[in-house]
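What the coordinates show
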Amino acid sequence: MTSRRHIRQSIRHTRNSLTPQEQHQAATDLVLQCANDPYIQKAKSVAIYLSVDGEINTSLLIDWLWQQGKSVTLPVIHPFSKGHLLFLEYTKDTPLILNKYQILEPKLDKTQVVPVNQLDVIITPLVAFDHLGNRLGMGGGYYDRTLVNWEQNQTGPMPIGIAHACQQVDALPIESWDVPLPRIITPTQIWHW
Ligand SMILES: Nc1ncnc2c1ncn2[C@@H]1O[C@H](COP(=O)(O)OP(=O)(O)OP(=O)(O)O)[C@@H](O)[C@H]1O
Ligand SMILES: [Mg+2]
């Protein structure tokens, strides 16, 4: 089976090759799919992320979440606990800084931290997914750690992956620590397992 490194390389190339028009259509259609998703509809507090590297653009979805009056949070790399994330409230006024991966994140402010168990949905980035909901991320293990509690007890915020349709592969080489996703939304479909 193809290695994780090769799949990451290949799918990152594929999604970075989408045209601006294809990216815009995908982002628009994703909002429509998410607006129809019962978990997102009923969520009061949603964790999401700012797109990089050809990922489906989340800015329209974030605007829609704000319009719906939902609390929106973004991941921040934990300052001491290696490999872990914090989630901070995100509003139009939140100051953002580049982290060590050159990804924008809210400037750390303890008053803005939302504990994971107070989130209803964690919209999860991914590089590739397969027909069983297995997930390959960028390789930091951040979301695998965040979702450990979900995997063990099926409690806590509902993880929902979002991706371009072209990020689906037949099968992924999975490691013991990888947490599969119960739900993945693409611009054309809602997958659930
Ligand atoms: N629950 C965990 N506890 C300890 N280490 C973990 C855990 N989950 C993942 N890791 C470690 O993180 C590293 C990267 O994991 P992996 O390749 O699965 O990342 P990923 O799922 O692609 O990344 P991400 O979740 O950040 O998108 C691995 O070396 C793995 O040992
Ligand atoms: Mg993983």
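Data block above holds the structure.
Here's a quick rundown of the structure. (Residues numbered from 1 in each chain as written. Chains lettered and ligands numbered in written order. Predicted model: local features only at pLDDT ≥ 70, side-chain atom pairs only at ≥ 80, totals over all residues. Heavy atoms only, no water.)

**Remarks on the overall build of the protein**
Heads up, the rule is: Helix and strand labels come from DSSP, where a helix needs a run of H or I of at least four residues and a strand needs a run of E of at least two; each type is numbered from the N terminus. This radius of gyration counts C-alpha atoms alone. The globule rule is 2.2 Å times how many residues there are, raised to the power 0.38. Working definition: with a 1.4 Å probe on protein chains only, accessible area under 20% of the residue-type maximum means buried, over 50% means exposed, and in between means partly exposed. The contact criterion used throughout is that any non-hydrogen atoms of two residues lie within 4.5 Å. Only the protein chains shown count as cover for residues, and all accessible areas are computed by the Shrake-Rupley method using a 1.4 Å probe. For the purpose of charge, His is not counted, nor are the chain termini; Lys and Arg are scored as positive and Asp and Glu as negative. Taken as the charge centre is NZ of Lys, CZ of Arg, CG of Asp or CD of Glu, depending on the residue.
A tally of helices and strands in the protein yields six helices and 11 strands. For 193 residues, the compact-globule estimate of 2.2 N^0.38 gives 16 Å, and the protein sits close to it at 16 Å. A principal-axis box enclosing the C-alpha atoms of the protein has dimensions of 45 × 35 × 30 Å. Expressed as a percentage of the 193 residues in the protein, the buried residues total 48%. Sequence separation of 24 or more characterises 69% of the internal contacts of the protein that already satisfy a separation of 6 or more. As displayed, the protein has an accessible area near 9,900 Å², and 53% of this comes from carbon and sulfur atoms. Side-chain charges of the protein comprise 16 positive and 17 negative groups, with the mean position of each set lying 5 Å from the other.

**Some remarks on the coordination of the magnesium ion (ligand 2)**
This is how the line gets drawn: Metal sites are built from N, O and S donor atoms within 2.8 Å, or 3.2 Å for Na, K and Ca, and they leave out water, so they may look incomplete.
Around the magnesium ion (ligand 2), the protein contributes the donor atoms Asp144 (OD) and Asp178 (OD), at 2.0 Å from the metal centre. Taken together, the positions of Asp144 in helix α5 (residues 142-146) and Asp178 in the loop between β9 (158-162) and β10 (183-186) put the pair 34 residues apart, joining distant regions of the chain. As far as the burial class goes, Asp144 and Asp178 line up, both buried.

**A word on helix α4 (residues 59-67)**
Taken residue by residue, α4 has Leu61, Ile62, Trp64, Leu65 and Trp66 as its buried positions. Buried-residue contacts for α4 involve α2 (20-35), α3 (38-42), β1 (45-47), β2 (71-77), β6 (121-124) and β9. Looking one or two residues beyond α4, the residue adopting positive phi is Gly69, at roughly 80°.

**Digging into the sheet that holds strand β3 (residues 85-89)**
The line we're drawing: One requirement defines pairing of two strands: DSSP has to find at least two bridges between them. To define axes, lines are fitted to C-alpha atoms, for helices over the stretch in contact only, and angles between the resulting N-to-C directions are given on a 0 to 180 degree scale.
Taken together, seven strands build an open sheet; the order of strands is β3-β2-β1-β6-β9-β10-β11 and the sheet is mixed. Here the strands that pair on one side only, and so sit at the sheet edges, are β3 and β11 (189-192). Neighbour-to-neighbour, the strand axes of this sheet turn through a mean angle of 25°, independent of strand direction. Sheet analysis places β9 next to β10, joined by two bridges and oriented parallel.

**Section: the site of ligand 1**
We apply this condition: We define proximity as follows: a residue is near a molecule or strand when any one of its heavy atoms falls within 4 Å of that partner. We call two N or O atoms a polar contact when they sit within 3.5 Å, provided that within protein one can donate a hydrogen and the other can accept it, with sequence-adjacent residues counted only if both atoms are side-chain atoms. In this classification, Asp, Glu, Lys and Arg are treated as charged, Ala, Val, Leu, Ile, Met, Phe, Trp, Tyr, Cys and Pro as nonpolar, and every other residue, Gly included, as polar.
Near ligand 1, the surroundings consist of 15 residues, among which Arg135, Tyr142, Asp144, Trp177 and Asp178 are the closest. Here an oxygen atom of ligand 1 sits 2.9 Å away from a polar atom, N or O, in the side chain of Arg4. At 3.3 Å from an oxygen atom of ligand 1 is found a side-chain nitrogen or oxygen belonging to Arg145. The fraction of the free accessible surface of ligand 1 (650 Å²) that becomes covered by protein chains is 72%. When residues of the shell around ligand 1 are traced back to their parent elements, those giving at least two are α1 (4-16) and α5. Per-element tally for the shell around ligand 1: the top contributor is α5, with four residues. Split into classes, the residues belonging to the shell around ligand 1 amount to five nonpolar, four polar and six charged.

**A look at the side chain of Thr146**
Positionally, Thr146 belongs in helix α5. Reaching out from Thr146, the side chain makes a polar contact with the backbone oxygen of Tyr142 at a distance of 2.8 Å. Beyond its immediate stretch of four places on either side in the chain, Thr146 contacts Leu85, Phe87 and Ile122.

**A word on the nonpolar core**
We apply this condition: What is meant by a nonpolar core is a set of buried Ala, Val, Leu, Ile, Met, Phe, Trp, Tyr and Cys residues, joined one to another through side-chain atoms within 4.5 Å.
Core analysis: the biggest nonpolar cluster contains 42 residues, and Ile40, Ile48, Leu61, Leu65, Ile123 and Ile162 have the highest contact counts within it. Counting residues per element, this core draws most heavily on α4, at five residues. Not counting residues up to four positions away in its chain, the partners in contact with Ile123 are Ile40, Val46, Ala47, Ile48, Tyr49, Leu61, Ile160 and Ile162. Counting residues in each nonpolar core, the second largest holds seven residues, with Ile7, Val127, Leu136 and Val169 among its members.

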